[in-house]
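Chain by chain, the residues run as shown.
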Amino acid sequence: MKNSLTEDKVYKTILKFSIPFFLSYFLQTLYGMADLYIIGKFNGMEATNAVSIGSQVMHMITVMIVGLAMGTTVSVGRAVGAKKHEEAGNCIGNTAAFFGILSLVIMAVLLIFVKQIVKVMSTPQESVEGTIGYLRVCFIGIPFIVAYNIISAIFRGMGDSKSPMYFIAVACVFNIGLDYLFVGVFRMGAMGAALGTTIAQTISVAVSLFFIIYRKMIPGIRKSDFALKGSIIGKILGVGVPVALQDGFIQISFIVITVFANKRGLTDATAVGVVEKIIGILFLVPSSMLSTVSALCAQNIGAGRHDRAKLILGYSLWIVAVYGIIVSVAMQFAGRAAVGFFRDEKEVVEAGYLYLRSYSVDCLLAGMHFCFSGYFCAYGLSSISFLHNMISILCARIPLSYLASIYYKDTLFPMGCAAPIGSLLSVLVCILAVIIMNKKGITGKN
């Protein structure tokens, strides 16, 4: 199998693994932003809002798939760390077979309920038709979204974070070009943006499969590995389901907040949609650290290096803390320019800027609980991540956003405060969980 992550200095290992991971997330976010940017240049707020709402739904689906795939990353990583290559091959084969079937089921269900989904989002009437068209095309591409993320999860579990970066780069280049073609030249609006994204993802998966087969990038795989085994699927889902549910509920909380904004009118709805895209960029480092910590710690735990797993968590917390402070301060001054990059309407820019000023503080706090979540997942304790996120969502994010939308109708600043307050609760729960894990000896001898 691929690279061992149990040697070399910890900080070097983190940087070597996380930088390609960060670039992968950046490219994935870039081609998502391309839809919003290009649609904003050639269409009005209605189309922008359609893409914003549609992409938020797709983001929720994608992060849940990534969450499920975390089970594969951890299972493969621990097997590779323990040098159990046959077990790693079984995990890879079962992952491919199971998720292939699952992707078709998800696609069919979403296509059936697309109109209901758009209605639940409280989509402004002007954007309903565009949102439905956008989602229908994207839903057809679900199998390719699943395929890319599963391939990435497998490689990262093997210690290879570079290959997924190359595969997503292919999708990014094609998506930007196709967006200009379908939206700018053919004037297909929101549906054109979705078509560009779906075709780009299809090309990316085709290219990745070609290189995997041609270069034999996953050695030792046998046909028998693809026969579904309950014990293997159980291990994968044991880690992946709590993470998927956790990420799903987080995205649902974002969608609920979007619904609150949609009910305030097209200006606030557009502003919130734009800021969510910006937050997606700002969260690139925290998001990459979550997956980096889980992959690195999984291999080290498999190798019995619990002390090294603790160091990985510590270094990662310092990285996200420094990054979060820099970003939070920067957005207090550069927030208007960031929002204005996507929309030039004065009222949208001002509303988005106020929302971004308070929301950006979450880069610091969310980054910290992301690192803790990766650590918990590596130990197979993803239920802790689920717990702290549910506390955050139910006790802070949703209720505080709702109250802010009711009592502060002239500004989005209070709504933006809900996210960092929720993340603070998560961090406190995570610290308590680590203390308990250490006392029980789960993380090795102290």
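Look up: the structure comes first, before these words.
Residues numbered from 1 in each chain as written. Predicted model: local features only at pLDDT ≥ 70, side-chain atom pairs only at ≥ 80, totals over all residues. Heavy atoms only, no water.

**As for the overall build of the chain**
Next up, step 1: Helix and strand counts for the chain stand at 16 helices and zero strands.
Next up, step 2: Compactness check: the chain gives a C-alpha radius of gyration of 21 Å against a globular reference of 22 Å for 446 residues, within 12% of the reference.
Next up, step 3: Taken along its principal axes, the extent of the C-alpha atoms in the chain is 55 × 45 × 35 Å.
Next up, step 4: Counting over 446 residues, the chain shows a buried share of 58%.
Next up, step 5: When contacts within the chain are restricted to residue pairs at least 6 apart in sequence, those whose partners lie at least 24 apart make up 83%.
Next up, step 6: Approximately 18,200 Å² of the chain is accessible, and the part contributed by carbon and sulfur atoms is 70%.
Next up, step 7: Of the side chains in the chain, 35 bear a positive and 21 a negative charge, and the two mean positions are spaced by 10 Å. (Helix = DSSP H or I, 4+ residues; strand = E, 2+ residues; numbered from the N terminus. Rg over C-alpha atoms; globule rule 2.2 N^0.38 Å. Buried < 20%, exposed > 50% of the residue type's maximum accessible area, 1.4 Å probe, protein only. Contact = heavy atoms within 4.5 Å. Areas by Shrake-Rupley, 256 points an atom, 1.4 Å probe, with all protein chains shown as cover. Lys, Arg positive; Asp, Glu negative; His and termini not counted. Charge placed at Lys NZ, Arg CZ, Asp CG, Glu CD.)

**Focus: the side chain of serine 405**
Next up, step 1: Structurally, serine 405 can be placed in helix 15 (residues 382–407).
Next up, step 2: The exposure class of serine 405 is buried, given its relative accessible area of 6%.
Next up, step 3: There is a polar contact of 2.6 Å between the side chain of serine 405 and the backbone oxygen of tyrosine 402.
Next up, step 4: Ignoring sequence-local partners within four residues, the contact set of serine 405 consists of Phe260, Arg264 and Met415. (Polar contact = N/O pair within 3.5 Å; in protein donor to acceptor, adjacent residues only side chain to side chain.)

**Considerations on the nonpolar core**
Next up, step 1: With 133 residues, the main nonpolar core has Met58, Tyr134, Leu356, Tyr375 and Phe376 as its most contacted residues.
Next up, step 2: Per-element accounting of this core gives the leading share, 17 residues, to helix 2 (residues 45–81).
Next up, step 3: If near-sequence neighbours (up to four positions away) are discounted, tyrosine 134 is found in contact with Asp35, Val51, Gly54, Ser55, Met58, Ala190, Ala193 and Ala194. (Core = buried A, V, L, I, M, F, W, Y, C linked by side-chain atoms within 4.5 Å.)

**Focus on the packing of aromatic side chains**
Next up, step 1: With the rule as written, the count across this model stands at 12 aromatic pairs.
Next up, step 2: When the ring of tyrosine 375 is compared with that of phenylalanine 376, the centres are 6.4 Å apart and the planes differ by 55°; the resulting orientation is tilted. In this pair, the class of tyrosine 375 matches that of phenylalanine 376, namely buried.
Next up, step 3: A centroid spacing of 5.3 Å and a plane angle of 75° characterise the contact between tyrosine 375 and tyrosine 379, whose relative ring orientation is edge-to-face.
Next up, step 4: The exposure class of tyrosine 375 is buried, given its relative accessible area of 1%.
Next up, step 5: Residue class for tyrosine 379 comes out buried when judged on its relative accessible area of 11%.
Next up, step 6: Ring pairs connect the aromatic residues Phe372, Tyr375, Phe376 and Tyr379, which therefore count as one cluster. (Phe/Tyr/Trp six-rings, centres within 6.5 Å; stacked < 30°, edge-to-face > 60°.)

**Section: the pattern of salt bridges**
Next up, step 1: For the structure shown, the criterion picks out seven salt bridges.
Next up, step 2: Glutamate 345 is paired through a salt bridge with arginine 343; the nearest N and O atoms lie 2.6 Å apart. By the burial criterion, glutamate 345 is buried, and arginine 343 matches it.
Next up, step 3: Residue arginine 397 pairs with aspartate 362 through a salt bridge whose shortest N-O separation is 3.6 Å. Placement of the pair is arginine 397 in helix 15 and aspartate 362 in helix 14 (residues 362–378), with a sequence separation of 35 residues.
Next up, step 4: Take aspartate 362: its relative accessible area is 1%, and that puts it in the buried class.
Next up, step 5: Beyond isolated ion pairs, a larger network of salt bridges with shared partners links Glu86, Arg222 and Asp225. (Salt bridge = Lys/Arg side-chain N within 4 Å of Asp/Glu carboxyl O.)

**A look at a nonpolar patch on the surface**
Next up, step 1: Together, Tyr11, Leu15, Ile19, Leu23, Leu311, Tyr315 and Ile319 line one region of the surface with nonpolar side chains, adding up to about 590 Å² of accessible area.
Next up, step 2: Put simply, the parts of the chain that give the nonpolar patch at least two residues each are helix 1 (10–42) and helix 12 (306–340).
Next up, step 3: Residue placement: leucine 15 occurs in helix 1.
Next up, step 4: Residue class for leucine 15 comes out partly exposed when judged on its relative accessible area of 42%. (Patch = residues over 30% accessible without salt bridge, like charges linked within 9 Å, V, L, I, M, F, W, Y side chains within 5 Å.)

**Here we look at the environment of glycine 40**
Next up, step 1: Checked against the element boundaries, glycine 40 lands in helix 1.
Next up, step 2: Since its relative accessible area comes to 17%, glycine 40 is described here as buried.
Next up, step 3: In this structure glycine 40 touches Thr48 and Arg343, once residues within four positions along its chain are discounted.

**Quick look at the packing of helix 10 (residues 266–282) against helix 11 (residues 284–302)**
Next up, step 1: For the pair helix 10 and helix 11, interaxial distance at closest approach is 4 Å and the crossing angle is 50°. The angle between the axes of helix 10 and helix 11 places the two elements in the oblique class. Here helix 10 contributes Gly280, Ile281 and Leu282 to the contact with helix 11, which in turn contributes Leu284, Val285 and Pro286.
Next up, step 2: The residue makeup of the contact of helix 10 with helix 11, split by class, is five nonpolar, one polar and no charged. (Axes fitted to C-alpha atoms, helices over the stretch in contact; angles between N-to-C directions. Parallel < 35°, antiparallel > 145°, perpendicular 65-115°, else oblique. Nonpolar A, V, L, I, M, F, W, Y, C, P; charged D, E, K, R; others polar.)

**Here we look at helix 10**
Next up, step 1: Relative to the 24 Å expected for 17 residues at 1.5 Å per residue, helix 10 spans 24 Å between its end C-alpha atoms, a close match to the ideal helical length.
Next up, step 2: Of all 17 residues that make up helix 10, 14 are buried, and the element is covered over most of its length. (Expected span 1.5 Å × (residues − 1).)

**Overview of unusual backbone geometry**
Next up, step 1: You will see that lysine 83, though not glycine, has its phi angle at about 60°, which is positive.
Next up, step 2: Within the secondary structure layout, lysine 83 lies in the loop between helix 2 and helix 3 (85–112).

**Some thoughts on the environment of valine 118**
Next up, step 1: Its place among the elements puts valine 118 in helix 4 (residues 114–120).
Next up, step 2: Taking the C-alpha atoms as reference points, valine 118 and leucine 178, separated by 60 residues in sequence, lie 25 Å from one another.

**Topic: the state of the cysteines**
Next up, step 1: Following the criterion strictly, the structure yields zero disulfides and no others.
Next up, step 2: Note on cysteine 297: no disulfide assigned, nearest cysteine sulfur contributed by cysteine 371 at a separation of 9.6 Å.
Next up, step 3: The thiol of cysteine 377 is not disulfide-bonded; the next cysteine sulfur, from cysteine 297, is found 10 Å away.
Next up, step 4: With relative accessibility at 2%, the residue cysteine 377 sits in the buried group. (Disulfide = S-S within 2.5 Å.)

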